[in-house]
Amino acid sequence: MTLGKSVRKAVIPAAGLGTRFLPATKAMPKEMLPVVDEPAIQYVVEEAVRAGLTDLLMITGRNKRALEDHFDRAPALERTLELKGDTAKLEAVQYASDLGPIHYVRQGEAKGLGHAVLCARQHVGDEPFAVLLGDDLIDERDELLTTMMAVQAKTGGSVVALIEVDPAQISAYGCADISAIEGEGYVRVNSLVEKPAVEDAPSNLAVIGRYVLHPVVFDVLEQTEPGRGGEIQLTDALQTLATSEAEDGGVYGVVFGGRRYDTGDKFSYIKAVISIASERVDFGEDLKTWMKAFVS
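The text that follows walks through the structure, step by step, so that each part is easy to find. Source: prediction; values computed, not measured. (Residues numbered from 1 in each chain as written. Predicted model: local features only at pLDDT ≥ 70, side-chain atom pairs only at ≥ 80, totals over all residues. Heavy atoms only, no water.)

1. Re the nonpolar core
General note: in soluble globular proteins, nonpolar side chains tend to be found buried as a group. Core analysis: the biggest nonpolar cluster contains 49 residues, and Val-45, Leu-53, Leu-56, Met-58, Leu-144, Leu-145 and Val-212 have the highest contact counts within it. It is helix H1 (residues 40-50) that provides the largest number of residues to this core, a total of six residues. In contact with Leu-56, other than residues within four places in its own chain, are Ala-10, Ile-12, Val-45, Ala-48, Val-49, Pro-101, Ile-102 and His-103. Of all hydrophobic cores here, the second largest spans 33 residues; its members include Phe-129, Val-131, Leu-133 and Ile-232. (Core = buried A, V, L, I, M, F, W, Y, C linked by side-chain atoms within 4.5 Å. Buried < 20%, exposed > 50% of the residue type's maximum accessible area, 1.4 Å probe, protein only. Helix = DSSP H or I, 4+ residues; strand = E, 2+ residues; numbered from the N terminus. Contact = heavy atoms within 4.5 Å.)

2. Focus: the pairing of strand S10 (residues 187-194)
As paired elements, strand S9 (residues 174-180) and S10 share seven bridges and run antiparallel to each other. Within S10, the position partnered with Ala-176 by the bridge is Leu-192. Where S9 folds back on S10, the antiparallel hairpin that results is connected by six residues, among which Gly-183 adopts a positive phi of roughly 80°. (Pairing = 2+ DSSP bridges.)

3. What about the packing of helix H8 (residues 216-223) against helix H9 (residues 234-242)?
Following both chains from N to C, one finds H8 and H9 inclined at 115°, their axes separated by 9 Å at the closest point. In the packing of H8 onto H9, the handedness of the crossing is right-handed. Taken together, the residues of H9 that come into contact with H8 (itself represented by Val-216, Val-217, Val-220 and Leu-221) are Leu-234, Ala-237, Thr-240 and Leu-241. Partitioning the contact of H8 with H9 into residue classes produces seven nonpolar, one polar and no charged. (Axes fitted to C-alpha atoms, helices over the stretch in contact; angles between N-to-C directions. Left-handed = near helix turned anticlockwise from the far one by under 90°. Nonpolar A, V, L, I, M, F, W, Y, C, P; charged D, E, K, R; others polar.)

4. So, the pattern of salt bridges
Pairing is possible between side chains of opposite charge, provided their charged atoms come close. According to the stated counting rule, one finds 21 salt bridges in the structure shown. Here Arg-65 makes a salt bridge to Asp-69, at a shortest N to O gap of 3.3 Å. Remark: Asp-69 and Arg-65 occur in helix H2 (residues 65-70); sequence separation between them is four residues, near one turn of the helix. By relative accessible area, Arg-65 is classed as exposed at 57%. When the shortest N-O distance is used, the salt bridge between Arg-141 and Asp-139 registers 2.7 Å. Given the relative accessible area of 43%, Arg-141 is considered partly exposed. The structure contains a network of salt bridges with shared partners spanning Arg-8, Lys-9 and Glu-127. (Salt bridge = Lys/Arg side-chain N within 4 Å of Asp/Glu carboxyl O.)

What follows is the structure in structure tokens.
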């Protein structure tokens, strides 16, 4: 087990092609699509930093240079804003580059989420780590990641985030079969299946894009054959760990009932933008008033 080792590293896979958002993503990474006035990827980085993670690794690919530029300093832009006296925009620009040290490694070839996580092996080493996917944005008022880190510290295994979904929608997700653990706020994951048919799903508990993983997952990923879609699936590796007899093979789940915003397709992205914008102090009430008038 990795009991006693605290989680300090985050892996953020960002190498996908973003084909669902073409043509907008022809020349711009989907992770840079704005959610109100911040790119989606910044919400994810902010979440990792709030959880106390101090070493961030982004898995990128070709045409992802904009991600590095966004979190880098921009002296010419900063100087222009300073001369204009536009303090608010200057602070916003500098905030993104001051979030913390971010490292980058290229996936090289799109072989699936499992392969993207495997690309982090050299950087992560032999310690537990978090994985945050950019399609799921977790509201800053809900401490999902810190809860998962606490469960990992207690169990020494791997931890996935779960949500209850309409059973008819389960085939869009990885799905978990679970057992309750008496007296605990988390569950034991007995098995996982990637995007099952509705009639074959063991539950309506879907895996969402937050993981806290034992480093043994790297060994398993090395041996994991391509699965659904011809890709190396992280779900398949976690299924192996869930059914392993090894001491460090346990997989646990935190069932999340908080505020989650899905940016994985056009419709859910639009809903995420509206949901987050409606919470804004500067124009949220005006937006809700306008939406009521628009709908009527």
